Amino acid sequence: MREIVHMVHTSLDGCVEGPNGEFDWPVLGPELSGYSREMSARCGEFAYGRKVWDMMSGFWPTAESISDDPHDVAFAPVWRETPKVVFSRTLEKADWNTRVVGGDLTEVVTALKAEPGQDLLLMGGAELAAELTARGLIDEYLVFVHPVVLGATKRPFAEGTARLGLELVESRTFDERVVLLRLRRA
């Protein structure tokens, strides 16, 4: 059975975006970029909520023409080739090897997990991640803590999230600046 792995970048104060929705603060140096590619290879399908999908699909299809960052140049073809799933109540179709799923979230995720293949990598998506967490549907969390304080309010675990026991299975530092906390449900 496939698992859902949630990969999220946070600030030191636990925010996933700046006060005005900015996502220009995570720095992916060579080590973190390499780890990101390893995770992409481990997981056979990327998963997104609608808002993150809009951001990703607006950048990665043509990333090489927008950016010369080594991570962007290396990851863009991986993103285009990897199957993707978008959870949405409003989106009807999506390009770039992407299927859109809607309906009862527990039923949809249970069916996705039952499919053959590699794990699903959920990237970002505070609202979707919070809902999946509340339903016990995320198996592993990769929380990357960046050395920045954003002073915003959007967090990977929404206010009111029920108590959740997690087991730390790995901690690691990348590029002498970003700390990974790899956690599984206890």
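Structure first, text after, so check above.
So, how was this worked out
- Residue numbers here run from 1 along each chain, matching the order of that chain's written sequence.
- In keeping with the predicted nature of the model, local features appear solely for residues at pLDDT of at least 70, side-chain atom pairs appear and are counted solely at 80 or more, and the whole-chain, interface and lining totals rest on all residues.
- Excluded from the side-chain calculations are hydrogens and water; all other atoms, namely the structure's heavy atoms, are used.
- Where helices and strands are cited, they refer to DSSP runs of H or I of at least four residues and of E of at least two residues respectively, numbered from the N terminus.
- Radius of gyration here is computed from C-alpha atoms only, and the compact-globule reference equals 2.2 Å multiplied by the residue count raised to the power 0.38.
- Here a residue-residue contact requires only that any non-hydrogen atoms of the pair lie within 4.5 Å.
- For this analysis, a ring pair means two rings from Phe, Tyr or Trp (six-membered ring only for Trp) whose centres lie within 6.5 Å, classed as stacked if their planes differ by under 30 degrees, edge-to-face if by over 60, and tilted for the remaining angles.
- To sort residues, take the accessible area from a 1.4 Å probe on protein chains only and compare it with the maximum for the residue type: under 20% means buried, over 50% means exposed, and anything in between is partly exposed.
- Lysine and arginine charges are scored as sitting over a ring when NZ or CZ, respectively, is within 6 Å of the ring centre and within 35 degrees of the ring normal.
- At least two bridges found by DSSP between two strands are what make those strands a pair.
- Axis lines are fitted to C-alpha atoms, over the contacting stretch for helices. Their N-to-C directions set the angle, which ranges from 0 to 180 degrees.
- Any Lys or Arg side-chain nitrogen located within 4 Å of an Asp or Glu carboxyl oxygen qualifies as a salt bridge.

Undergrad: Can you walk me through the overall build of the chain in this structure?
TA: Tallying secondary structure elements over the chain gives six helices and eight strands in all. N-terminal to C-terminal, the α/β element order of the chain is β-α-β-α-α-α-β-β-α-β-α-β-β-β. On C-alpha atoms alone, the chain measures out to a radius of gyration of 16 Å, which is about the 16 Å that the 2.2 N^0.38 rule sets for 186 residues. For the chain, the spread of C-alpha atoms along the three principal axes comes to 40 × 40 × 30 Å.

Undergrad: Any chance you could explain unusual backbone geometry here in plain terms?
TA: It is generally the case that most residues other than glycine have a negative phi and that most peptide bonds are trans. In this model, Asp-175 sits at a positive phi of 55°, which is unusual for a non-glycine residue. By secondary structure assignment, the location of Asp-175 is in the loop between strand E7 (166-174) and strand E8 (178-185). Positive phi outside glycine occurs at Glu-176, with the angle close to 55°. When you line up the elements, Glu-176 lands in the loop between E7 and E8.

Undergrad: Explain the side chain of His-71 to me, please; I cannot follow it from the model alone.
TA: If you trace the backbone, His-71 turns up in helix H4 (residues 70-81). Once residues lying within four places of it in the same chain are set aside, the contact partners of His-71 are Leu-28, Ser-33, Ser-36 and Trp-60.

Undergrad: What's the story with the packing of aromatic side chains in this structure? I'm lost.
TA: Two measures describe an aromatic ring pair: the distance that separates the ring centres and the angle between the ring planes. Counted according to the given criterion, the structure contains ten aromatic pairs. With centroids separated by 6.0 Å and ring planes inclined at 70°, the aromatic side chains of Tyr-35 and Phe-144 adopt a geometry described as edge-to-face. Linking Tyr-35 in helix H1 (residues 30-42) with Phe-144 in strand E6 (residues 140-146), this pair joins segments that are 109 residues apart in sequence. On the basis of relative accessibility, which here comes to 1%, the residue Phe-144 falls in the buried class. Ring centres 5.9 Å apart and planes at 35° place the aromatic pair Phe-46 and Phe-75 in the tilted group. Note that Phe-46 is positioned in strand E2 (residues 43-49) and Phe-75 in helix H4, a separation of 29 residues in sequence. One exposure class covers both Phe-46 and Phe-75, and it is buried. Through a chain of ring-to-ring contacts, three or more aromatic side chains come together here, namely Phe-46, Phe-59, Trp-60 and Phe-75. Its guanidinium or amino end placed over the ring of Trp-79, Lys-84 lies 4.3 Å from that ring's centre, counting from NZ or CZ.

Undergrad: For this particular structure, what's the right way to read the sheet that holds E8?
TA: Either a parallel or an antiparallel arrangement is found when strands of a sheet pair, and the pairing is made through backbone hydrogen bonds. One open sheet holds the eight strands; their spatial order is E4-E3-E2-E5-E1-E6-E8-E7, and the pairing between them is mixed. Only two strands of the sheet have a single partner each, and these edge strands are strand E4 (98-101) and E7. The sheet shows a mean angle of 25° between the axes of neighbouring strands, direction not considered. Where E2 and strand E3 (residues 84-87) come together, four bridges link them in parallel fashion.

Undergrad: Honestly, the pairing of E8 in this entry has me stumped. Any pointers?
TA: Working note: regular strand, side chains alternate between the two faces of the sheet. Note: E6 against E8, six bridges, orientation antiparallel. Looking at E8, one finds that Val-145 is bridged to Val-179. What sits between the antiparallel neighbours E7 and E8 is a turn of three residues, in which Asp-175 has the positive phi angle 55°.

Undergrad: What should I look at first to understand the pattern of salt bridges in this one?
TA: Side-chain pairs of opposite charge can arise whenever the charged atoms involved come near each other. If you walk through the whole model with that rule in mind, you get 18 salt bridges. The partner of Lys-154 in a salt bridge is Glu-17, and the shortest N-O contact between them spans 3.8 Å. Of this pair, Lys-154 sits in the loop between E6 and E7 while Glu-17 sits in the loop between strand E1 (4-11) and H1; the two residues are 137 residues apart in sequence, bridging distant segments of the chain. Take Lys-154: its relative accessible area is 24%, and that puts it in the partly exposed class. Note on Glu-17: relative accessible area 23%, which makes it partly exposed. Between Asp-139 and Lys-113 there is a salt bridge; the shortest N-O distance is 2.9 Å. Residue Asp-139 is found in the loop between helix H6 (126-134) and E6, and its partner Lys-113 is found in helix H5 (residues 105-114); the two are separated by 26 residues along the sequence. Overlapping salt bridges, with partners in common, bring together Glu-3, Arg-42, Asp-119, Glu-140, Glu-170, Arg-172, Arg-182 and Arg-184 in one network.

Purely spatial values, then, with no claim about function.
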